[in-house]
Amino acid sequence: QKEVEQDPGPLSVPEGAIVSLNCTYSNSAFQYFMWYRQYSRKGPELLMYTYSSGNKEDGRFTAQVDKSSKYISLFIRDSQPSDSATYLCAMSVWNTDKLIFGTGTRLQVFP
Amino acid sequence: DAGVTQSPTHLIKTRGQQVTLRCSPKSGHDTVSWYQQALGQGPQFIFQYYEEEERQRGNFPDRFSGHQFPNYSSELNVNALLLGDSALYLCASSLDSSSSGELFFGEGSRLTVL
């Protein structure tokens with residue numbers, strides 16, 4: 001079993017839809033949770049960062065962490081075609097620790 | 001403010017050859033990590049350098065080695081290349097004293113081994 005599980009998709013939604021992306025994990029020691037966006041043939045770009053449990057909102061993006069269920073989510077409101085990319089969840093035990101990534105979910109937002 | 005820069009962006013090698021990839025961290029950052037990303041997969045941690053020492057290492061063979069210089073830039077060396085080493089190699093930088101440890105990635109070096 002992988003430490004971090006993520007549905008690879010692809011997920012195809014119409015413009016304006018609310019998108020929900022999820023990851024589950026098995027290591028209860030994880031405390032730092034991140035979401036990265038990666039466009040084709042580019043490096044990952046940090047979107048959201050959360051420490052421990054709770055919600056964090058930044059514009060159209062909301063990150064949720066439920067440590068009791070070992071489950072994290074990223075919500076994208078009013079999705080745009082420019083949001084079409086692969087979304088990677090990542091997590092670590094301490095702040096300078098290596099990141100463990102999911103496989104990424106490919107999202108396509110069509111006009 | 002320059003972000004993380006990597007060179008070269010693309011390169012092609014043949015089996016058995018050696019390759020060196022280079023990385024300059026984001027301004028103000030002192031820690032460099034290297035990741036390997038195979039097609040359709042998430043990045044896998046190779047190793048991390050801080051204060052010119054390898055601080056942490058992932059599950060990669062000794063063919064993978066690295067170095068960090070006094071100006072915090074870093075190199076990744078891979079010897080005796082195998083076909084399976086074909087991947088996007090990502091460099092990421094962070095600030096060790098930061099409470100968050102947010103990691104910022106470069107655009108990567110795409111290695112093809114023939």
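Predicted, not measured: the structure shown is a model, and the values here were computed from it. (Residues numbered from 1 in each chain as written. Chains lettered and ligands numbered in written order. Predicted model: local features only at pLDDT ≥ 70, side-chain atom pairs only at ≥ 80, totals over all residues. Heavy atoms only, no water.)

Asker: What's the story with the overall build of chain A in this structure? I'm lost.
Answerer: Counting secondary structure elements, chain A contains zero helices and eleven strands. Going from the N terminus to the C terminus, chain A shows its helices and strands as β-β-β-β-β-β-β-β-β-β-β. A compact globule built from 111 residues would reach a C-alpha radius of gyration of about 13 Å, and chain A, at 13 Å, matches this within 12%. Across its three principal directions, the C-alpha atoms of chain A cover 40 × 25 × 25 Å. The long-range share in chain A, meaning contacts at least 24 apart out of those at least 6 apart in sequence, stands at 54%. (Helix = DSSP H or I, 4+ residues; strand = E, 2+ residues; numbered from the N terminus. Rg over C-alpha atoms; globule rule 2.2 N^0.38 Å. Contact = heavy atoms within 4.5 Å.)

Asker: Please explain the nonpolar core as it appears in this structure.
Answerer: In summary, soluble globular proteins display a tendency toward joint burial of nonpolar side chains. By size, the foremost hydrophobic cluster in this structure holds 25 residues, and its most contacted members are A:V4, A:W35, A:I72, A:L74, A:Y87 and A:M91. With near-sequence residues (within four places) excluded, A:Y87 lies in contact with A:Q6, A:L21, A:Y36, A:R37, A:L47, A:L74, A:I76, A:G104, A:T105 and A:L107. Counting residues in hydrophobic clusters, the runner-up holds 20 residues, among them B:V4, B:L21, B:F47 and B:F60. (Core = buried A, V, L, I, M, F, W, Y, C linked by side-chain atoms within 4.5 Å. Buried < 20%, exposed > 50% of the residue type's maximum accessible area, 1.4 Å probe, protein only.)

Asker: What am I meant to see in the pattern of salt bridges here?
Answerer: Pairing of side chains with opposite charge becomes possible as their charged atoms draw close. Residues and elements named next belong to chain A. Per the stated rule, a full pass over the model turns up six salt bridges over all chains. A salt bridge links E45 to R37, with the shortest nitrogen-to-oxygen separation between them at 3.1 Å. Under the relative-accessibility criterion, E45 is labelled partly exposed at 36%. Among the residues examined, R37 registers a relative accessible area of 12% and is labelled buried. Between R60 and D83 there is a salt bridge, with its nearest N and O atoms 2.9 Å apart. In this pair, R60 sits in the loop between β6 (54-58) and β7 (61-66) while D83 sits in the loop between β8 (71-76) and β9 (85-92), placing the two residues 23 residues apart along the sequence. (Salt bridge = Lys/Arg side-chain N within 4 Å of Asp/Glu carboxyl O.)

Asker: Sorry, what's going on with the side chain of B:S94 here?
Answerer: Summarising the element assignment, B:S94 is placed in strand β9 (residues 87-94). Sequence-distant contacts of B:S94, that is, excluding residues within four places in its chain, are made with B:H29, B:D30, B:T31, B:G101, B:E102 and B:L103.

Asker: Would you mind going over the state of the cysteines with me for this structure?
Answerer: Each disulfide consists of a covalent bond between the sulfur atoms of two cysteine residues. The tally for this structure, following the rule as stated, stands at two disulfides over all chains. Here A:C23 is linked by a disulfide to A:C89, with a sulfur-sulfur distance of 2.0 Å. Measuring the twist about the S-S bond at about -100°, one finds the A:C23-A:C89 disulfide to be left-handed. Of this pair, A:C23 sits in strand β3 (residues 19-25) while A:C89 sits in strand β9, placing them 66 residues apart in sequence. Here B:C23 connects covalently by a disulfide to B:C91, the sulfurs 1.8 Å from one another. (Disulfide = S-S within 2.5 Å.)

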